[in-house]
Amino acid sequence: MSTPSQADVRRAIAAAQTVVVKVGSSSLTGPSGHLDPERLDSLVTALAQVRLMGARVVLVSSGAIAAGFGLLGFDSRPADVATQQATAAVGQGLLMARYETSFARYGIRVGQILITAEDTIRATQYRNVQRTLERLLDLGVVPIVNENDSLASNEIRFGDNDRLSALIANLVRADALVLLTDVDALYTAPPSQPDSRRIAYVPNVIDALGDIRVSGAGSKVGTGGMVTKLEAARVAAVSGIPAVLTCAANAGPALMGDPVGTVFAPVKQRGSSRRLWIGFAAEPRGTIVVDSGAAQAVRGGRASLLAAGAVEVRGAFSAGDPVWVDDEAGAHLARGLAGYDSEEIPQMLGRNTAQLKRFLGDQYAHPLVHRDNLVVL
Ligand SMILES: Nc1ncnc2c1ncn2[C@@H]1O[C@H](COP(=O)(O)OP(=O)(O)O)[C@@H](O)[C@H]1O
Ligand SMILES: N[C@@H](CCC(=O)OP(=O)(O)O)C(=O)O
């Protein structure tokens, strides 16, 4: 695919029929870190404009913790996970109430979707959330998505909503992703540094990553900093979706294709969205080590991983969990969803399908990772 010009990418964003907009906590809060209803209202005004022009809009909004900590009497965002989860449970209701009222000014309905990485990686839940989002969009509703902070376990939570927004963009087959934060653009280095310069256009986010200095630390209220935003732009780019990153005050102009913020060109044609979730949504729970023949087959991209080529299994996981597929030297070859629990696999290692059937029964004659659930790295 040839690289589009910056103007092409901005035009594609302006013409988007379905758009996912992600807003970070830092864009919804005032200097005290508390939710600022005026900032929320002006964001909603910009989104309502594109919605009323006929676009389908999904909003991925952080801000539950920011909305909740004041109500619970804390001076600042709590640091420990349990208190954050409790605070999100209190704040999420208030956040939705504010959105409900704010969108109602334009006669637009909103619907809440709370997602964890863990359940959406499984095929049935993945399809359910996809179907719900599609239906909401068909009904003219603006779905408002956040991580289900109170359920997410510490190890596999998204934490920030940046990656989640790119995965949602993929899930709803969006034509554009808009990342709104507290800086007006991506800079060559954290904007606090005197030599940093604004970057208007990133034609290939994968190549560009090495040249940009970013910090992982977010603002006082945000979490991921610029690292997770670039990761989101990368996931969008490899999904064939153009992205723009800017501050919330620029939401309207960014959606209209005006020259604000930083735009990221798509670098691939649109691929399978389910595979992308396997590749990016959740951290693997274990590893299946394969011999050189199986490594070659997996690298080829079209084969399932059969027990015959597997030599070792590490970690404790259940069927359906994400796992690494490694070669014997320890290099990661692929990520996939395991077809069996980790404790069932040792007896299967090195056996071909006929042997598996004869010694263990028909239920063990399937691949350790089916090719539809395998993403080569
Ligand atoms: N190269 C860079 N360009 C722009 N911003 C950067 C860069 N490196 C780090 N940052 C910081 O990332 C912060 C945004 O991240 P974060 O606070 O997590 O936002 P949000 O709450 O919107 O997700 C900005 O305030 C900025 O200081
Ligand atoms: N799910 C959390 C998001 C945490 C967060 O701060 O994310 P972000 O502002 O996107 O870096 C919340 O609603 O508070």
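Just so we're clear, the structure is a prediction, and the values are computed from it rather than from any experiment.

Student: Would you take a moment to explain the UniProt feature "binding site: ATP" (unreviewed entry) in the chain for this structure?
Tutor: The feature "binding site: ATP" (unreviewed entry), as given by UniProt, occupies K22, T181, D182, T223, G224, G225, M226, V227, T228 and K229 in the numbering adopted here. Turning to its location among the elements, V227 is positioned in helix 9 (residues 225–238). A relative accessible area of 39% places V227 in the partly exposed class. Judged by its relative accessible area of 8%, K229 falls in the buried class. If sequence neighbours within four positions are ignored, K229 has contacts with K22, D162, L179, T181 and L245.

Student: Where do I start with the pairing of strand 5 (residues 176–181) in this structure?
Tutor: The side chains of a regular strand alternate, residue by residue, between the two faces of the sheet. For strand 5, the buried fraction is high: 6 of the 6 residues fall into the buried class. Every second residue of strand 5 is oriented toward a common face, with A176, V178 and L180 on one face and L177, L179 and T181 on the other, all of them buried. When strand 1 (residues 18–23) meets strand 5, the two strands line up parallel, connected through 5 bridges. Residue pairing across strands places V21 opposite V178, the latter belonging to strand 5. Here strand 5 pairs with strand 9 (residues 243–247) via 5 bridges, running parallel. Opposite L177, over in strand 9, you have A243 as the bridge partner.

Student: What is the right way to look at the environment of A295 in this model?
Tutor: For A295, the position within the fold is in helix 12 (residues 292–300). Given the relative accessible area of 3%, A295 is considered buried. For the pair A295 and V325, spaced 30 residues apart in sequence, the C-alpha separation works out to 8.6 Å. Apart from residues no more than four positions distant in its own chain, A295 is found in contact with V290, D327 and L333.

Student: Looking at this structure, how should I read the UniProt feature "binding site: substrate" (unreviewed entry) in the chain?
Tutor: As annotated by UniProt and renumbered to match this structure, "binding site: substrate" (unreviewed entry) occupies S62, D149 and N161. Maximum C-alpha separation among the annotated residues is 10.7 Å over a sequence range of 100 residues, consistent with a single clustered spot. Here S62 lies in the loop between strand 2 (56–61) and helix 3 (64–69). On the basis of relative accessible area, S62 is assigned to the buried category, the value being 10%. If sequence neighbours within four positions are ignored, S62 has contacts with K22, V23, G24, S25, L28, L95, N146 and N161. Relative to the helices and strands, D149 is located in the loop between strand 4 (142–147) and helix 7 (162–171). Here D149 falls in the buried class, since its relative accessible area comes to 8%.

Basis of the calculations
- Residues numbered from 1 in each chain as written.
- Chains lettered and ligands numbered in written order.
- Predicted model: local features only at pLDDT ≥ 70, side-chain atom pairs only at ≥ 80, totals over all residues.
- Heavy atoms only, no water.
- UniProt positions renumbered as here; feature names shortened; annotations may be inferred.
- Helix = DSSP H or I, 4+ residues; strand = E, 2+ residues; numbered from the N terminus.
- Buried < 20%, exposed > 50% of the residue type's maximum accessible area, 1.4 Å probe, protein only.
- Contact = heavy atoms within 4.5 Å.
- Pairing = 2+ DSSP bridges.

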